[in-house]
Amino acid sequence: MTDADLMVTEEARDEEFRPAGRTVVVSGLTSDAHTWNLVFLQLMLEEAGFDVVNLGPCVPIEVLVSTCCDLHPLMIVLSSVNGHGFQDGLATVEALRARPELAGTVTVIGGKLGISGERRAENARALMAAGYDAVYDDDAQAAGEFDQLLRSMAAIR
């Protein structure tokens, strides 16, 4: 057996034991050009054992939907820093939920969802009603709540 055969055998074995449904798509919203939040989320998810496809900032809704339809991810994580997460997030989740193959995909949004501190709870309720499974505002407890979600997702995958 050659080294190349051994590598193929190890890769096949790794694929055989790789749990199904461990891909998470991380993306910025259409108007948000920030990247460090997306890098942080990617590292956090990878540390939790997920495979991550990070689409980066300013992702057109059509690209996000198409990519997610192709990948069938376990979860979609959207992040906003610029304060327009509420508006962009509504249009995004409507497009994701309109696709039958993504209707049941766990989809969450977090970050700075508004440009003022007002209407936070109201906006979060509206985002949930529109189709998000969880909404994480940019407050101190959001990171802990997101970590709890990751632990529960890791347990079911």
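So, here is what we can say about the structure in this document.

Reading the values: rules and limits
Residues numbered from 1 in each chain as written. Predicted model: local features only at pLDDT ≥ 70, side-chain atom pairs only at ≥ 80, totals over all residues. Heavy atoms only, no water. 1 Å grid on protein atoms, 1.4 Å probe; cavity = no way out; pocket = protein on both sides within 12 Å on 5 of 7 lines; lining within 4 Å. Points joined across faces, edges and corners; volume = space filled by probe spheres on them. Helix = DSSP H or I, 4+ residues; strand = E, 2+ residues; numbered from the N terminus. Nonpolar A, V, L, I, M, F, W, Y, C, P; charged D, E, K, R; others polar. Phe/Tyr/Trp six-rings, centres within 6.5 Å; stacked < 30°, edge-to-face > 60°. Buried < 20%, exposed > 50% of the residue type's maximum accessible area, 1.4 Å probe, protein only. Salt bridge = Lys/Arg side-chain N within 4 Å of Asp/Glu carboxyl O.

The gaps of empty space that remain are located by a probe, the size of a water molecule, rolled over the atoms. The space that makes up the largest pocket amounts to roughly 300 Å³. Looking at the lining of the largest pocket, the elements that each hand over two or more residues are helix 2 (36-47), strand 3 (75-80), strand 4 (106-111), strand 5 (134-137) and helix 6 (142-156). Split by residue class, the lining of the largest pocket holds 11 nonpolar, 5 polar and 2 charged. Put simply, the second largest pocket is a space of about 170 Å³. If you trace the second largest pocket, you find 11 residues lining it, with Gln87, Gly114, Ile115, Ser116 and Asn123 closest to the centre. In the lining of the second largest pocket, the residues fall into 3 nonpolar, 6 polar and 2 charged.

As enumerated under the stated definition, the model contains 1 aromatic pair in all. For the pair Tyr136 and Phe146, a centre-to-centre distance of 5.5 Å together with 80 degrees between the ring planes defines the contact as edge-to-face. With Tyr136 in strand 5 and Phe146 in helix 6, this residue pair connects regions lying 10 residues apart in the sequence. By relative accessible area, which is 10% here, Tyr136 ends up buried.

Applying the stated criterion across every chain, the model contains 4 salt bridges. Among the ionic pairs, Asp51 bridges to Arg22, the shortest N-O distance being 2.9 Å. With a gap of 29 residues between them, Asp51 in strand 2 (residues 51-54) and Arg22 in the loop between helix 1 (3-17) and strand 1 (23-28) connect regions that are remote in the sequence. By relative accessible area, Arg22 is classed as buried at 18%. Where Asp133 meets Arg97, a salt bridge forms, and the shortest distance between an N and an O atom there is 2.9 Å. Residue Asp133 is located in the loop between helix 5 (120-130) and strand 5, and its partner Arg97 is located in helix 4 (residues 85-97); the two are separated by 36 residues in the primary sequence.

Shape is all these values report; function is a separate question.
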